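# Structural overview for review
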Amino acid sequence: MPRNRLYDCFNAFLERHMPEGLFPRALIILVAPVVLLQTIMTGLIFDRHFENVSKLLARSFARDVSLLVQLYEESGGGPAATQRILELANGTLGLGLTIGRGELPEPLPDPLFSRADTRLTRELTVHMGREFWIDTGKLPEFVDVRVKVADGVVFHFLTRGERTFATSTGFLLLLMLLSSAFLLAIAIVFLRNQIRPITDLASAAQRFGTGRDVGVFKPRGAREVKAAGEAFLDMRDRIARQVEQRTTMLAGVSHDLRTILTRFRLELAVLGDGPKVQLLKEDVDEMQRMLEAYLAFAKGDGGEAAQEADLGTLVGNAVRATGRGGGNVAVAVPEGLAVRVIPNAFGRLLVNLIGNAVRYANTVSVTASVADHMLTLTVDDDGPGIPAAKRADAFRPFVRLDNARNLDETGTGLGLAIALDIARAHGGDIRLEDSPKGGLRAVVQIPV
Ligand SMILES: Nc1ncnc2c1ncn2[C@@H]1O[C@H](COP(=O)(O)OP(=O)(O)OP(=O)(O)O)[C@@H](O)[C@H]1O
Ligand SMILES: [Mg+2]
C-alpha cells in the first residue's frame, strides 16, 4: 500500500474512533503521552531499580546472617563469644538476634505472590547453605528468620523489614498517581479555558447564520482563536452594512414610487369611471400593496414596544384582515389567553402566515397553546404544501416558489421573511412542517 493511502487510512481510523468534541480530543492528545510515559517509567523503575535494590538488600542480609553463624561455630559457642556475637548482631548490624535452643518450627506454606519471600529464601539458601525457617508474613514491619546452628542451638532473627526489602515502592506509586492526577486536573482546567473561546465563536457564528442577534461576543483566547473571532466580527459588520445599504435603497425607492403612485391615483379619480379606468385602478391598488410590503420589510418592526395583548383578538383581527371573514379558517385559541408581544408586528406575522394559508389552500386551522412559558401557534392548511428541501428557501426575501408564481402574480415573496424577522425579534422562531391536513403547517414559537 502506498504511503499516502496508509496515512489516509490511519487518519480515517482516528477520525472514526476519536470522540467528536475538541475538548475530549485535546485531552486525549495531552493525556495519552503522559500516561504512556508514566507507565513505561514506572515499569522500568520497578523492574530495574527496585528489583536491584531489593536483591542487594536480601543478599546482604543473607551474608550477615551467614557470617554470624560462622563466627559462632568457629568460636566454639562459649559464653563470651556468644555475648560478643549478640552485641555485633544487635548493635552494629541491627539484626534483632536472640539465641535459644530447640527445633525449627514446621515450614510455612509458600505465600502467594510475595517476591520478598521468594527472594529472601533464595538468597539465604545460596549464601548460607544451612537449614532455616522463614516467615515474611509480618512484612513490611518484620521478617522472622530462624537458623539451626549446632547441637540444638537456634539463631532467631527478628529483623526490621527495611533491612531486607525495599519498602518505599508503595509510597512511590502513590506519589506518582497523585502527581499525575494533579497534573491532569490542571490540564483539564487549562484546556477548558482554551476551548471555551472556540465554542463561543462557533455559537456566535451559528446565531448570526440563522439571523439572530450575536449577543455579547468578545474575541479572546489564544492568538489564532482571537484572530478568527475578530475576522468573524469584521465579516458580520460588513454583511450588516451591506444589508443596511440594500434595505435603505429599497425603502427609498418604495417611498419615492409611493408618492408618484398617490398622484397617479388622484389623476385616475379625475378621469371618472369606466371599465378601463377600473382595471387601471386595480393595478394601482396592487402596486400600492406591493410597495407597502417592501416598505414594511425595509423598516423592520420600527421600535414598537411589547405589551400584553389578547391572543384570540389578535388572531381574529388577522383572519379578518386576510379577507375571509373567518369562513374557511377555524380558530382554536384558548379564551382570554394574554401574551406579551409587539402588537402591530405580531399582527403582521399572523396576517402573513394566515394569508399564505388562505391564498394557497382551501381550509385553514389556527391553534395556540402555552406551555413552559412558550407560546406555540400553528397554522395548518390543506394546500399543496412546500417540499421539505424548499422550506428554507421560502423564508428568503423575494423568493416565491414555482407553485405560487403560477397561482397568482401579486405576491412579493416577502411574507415569510417578514414573519420570521418578527418571530426572531420576539426571541422565537418559525418552522415549516407537513400538516396533518395535507398541506403546510407553520409553527410559531415565542417565549412569553
Ligand atoms: N401555505 C402555503 N402553502 C404552499 N406554499 C406556500 C405557503 N406559504 C408560502 N408558500 C410558498 O412560499 C413562498 C414564499 O412565501 P411568502 O409568504 O414569503 O411570499 P408570497 O406569499 O409569495 O408573497 P407575499 O406574502 O409577499 O405576498 C410562496 O411564494 C409560496 O410558494
Ligand atoms: Mg405570503
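Remember, it's a predicted structure, so these values are computed and weren't measured experimentally. (Residues numbered from 1 in each chain as written. Chains lettered and ligands numbered in written order. Predicted model: local features only at pLDDT ≥ 70, side-chain atom pairs only at ≥ 80, totals over all residues.)

### Here's the deal with helix α3 (residues 79-92)
Condition: Here a strand is any run of E in DSSP of at least two residues, a helix any run of H or I of at least four, and the numbering for each starts at the N terminus. Residue count minus one, scaled by 1.5 Å, sets the expected span of a helix.
Taking 1.5 Å as the rise per residue, α3 with 14 residues should run 20 Å; its terminal C-alpha atoms sit 19 Å apart, in good agreement. Count one or two residues on from α3 and you reach glycine 94, which has phi positive near 60 degrees.

### Some thoughts on the confidence of the model for the chain
Our working rule: Note: pLDDT gives the predictor's confidence per residue, expressed from 0 to 100.
Model confidence for the chain is summarised by a mean pLDDT of 86, while 94% of its residues fall at 70 or above. Per-residue pLDDT, averaged within each element of the chain, yields its smallest value for helix α11 (residues 402-407) (64) and its largest for strand β9 (residues 374-381) (96).

### Details of unusual backbone geometry
At aspartate 372, a position not held by glycine, the phi torsion is positive, near 50 degrees. Counting through the fold element by element, aspartate 372 comes out in the loop between β8 (364-371) and β9.

### Some words on helix α9 (residues 343-360)
We count it as follows: Comment: burial labels come from other C-beta atoms within 10 Å of the residue's own C-beta, placed from the backbone, where a count of 20 or more is buried, 12 or fewer is exposed, and between is partly exposed.
Counted at 1.5 Å a residue, the expected span for α9 with its 18 residues is 26 Å, and the 26 Å between its end C-alpha atoms agrees. The buried fraction of α9 is high, at 14 of 18 residues.

### Quick look at the packing of helix α8 (residues 311-321) against α9
Condition: What counts as an axis is a line fitted to C-alpha atoms, over the stretch in contact for a helix, and the angles between N-to-C directions run from 0 to 180 degrees. Working definition: roughly parallel below 35 degrees, roughly antiparallel above 145 degrees, roughly perpendicular at 65 to 115 degrees, and oblique for all remaining angles. Crossing handedness is read from the near helix: turned anticlockwise from the far helix by less than a right angle, it gives a left-handed crossing, and turned clockwise, a right-handed one. Placing a C-beta atom from the backbone of each residue, one calls two residues in contact when those atoms lie within 7 Å. When residues are grouped by polarity, Ala, Val, Leu, Ile, Met, Phe, Trp, Tyr, Cys and Pro land in nonpolar, Asp, Glu, Lys and Arg in charged, and all others, Gly among them, in polar.
Closest axis-to-axis distance for the α8/α9 pair is 9 Å, and the angle between their directions is 50 degrees. When the axis of α8 is compared with that of α9, the two are oblique. At the point where α8 passes α9, the crossing takes the right-handed sense. Where α8 abuts α9, its residues Leu314, Val315, Asn317, Ala318, Val319 and Ala321 lie against Phe346, Gly347, Leu350, Val351 and Ile354. Considering only residue class, the contact of α8 with α9 consists of 9 nonpolar, 2 polar and no charged.

### Some remarks on the domain arrangement of the chain
Stated formally: Residue ranges assigned to each domain were obtained from an automatic or database domain assignment.
As far as domains go, the chain holds domain 1 (23-167) and domain 2 (304-447). The centre of domain 1, based on its C-alpha atoms, is set 88 Å off from the matching centre of domain 2.

### A closer look at the sheet that holds β9
The line we're drawing: For two strands to count as paired, DSSP must find a minimum of two bridges between them.
With mixed pairing, 5 strands are arranged side by side in an open sheet as β6-β8-β9-β11-β10. Two strands close off the open sheet at either side, each with one partner strand: β6 (329-332) and β10 (429-434). For this sheet, the mean angle separating the axes of adjacent strands, direction not counted, is 15 degrees. Here α8 sits on the sheet and contacts β6 and β8; the angle it forms with β6, its principal contact strand, is near 175 degrees. Sitting on the sheet, helix α12 (residues 415-425) touches β10 and β11 (440-447), and the angle it makes with β10 is about 130 degrees.

### A closer look at the sheet that holds strand β1 (residues 97-101)
Paired through backbone hydrogen bonds, the strands of a sheet run either parallel or antiparallel to each other. As summarised here, the arrangement of the 4 strands in space is β1-β4-β3-β2, forming an open sheet in which the pairing is antiparallel. The two strands at the open ends of the sheet, each matched to only one other strand, are β1 and β2 (132-135). With direction set aside, neighbouring strand axes in the sheet form an average angle of 20 degrees. Along the sheet, helix α2 (residues 22-75) contacts β1, β3 (142-148) and β4 (153-160); its crossing angle with β4, the most-contacted strand, is approximately 150 degrees.

### Examining the packing of α2 against α3
Axis separation between α2 and α3 bottoms out at 10 Å; the angle between their running directions is 170 degrees. By the angle between their axes, α2 is roughly antiparallel relative to α3. For the element pair α2 and α3, the recorded crossing hand is right-handed. Two secondary-structure elements touch here, α2 through Leu68, Leu71, Tyr72 and Ser75 and α3 through Ala81, Ile85, Leu88 and Ala89. Looking at the contact of α2 with α3 residue by residue, the class counts come to 7 nonpolar, 1 polar and no charged.

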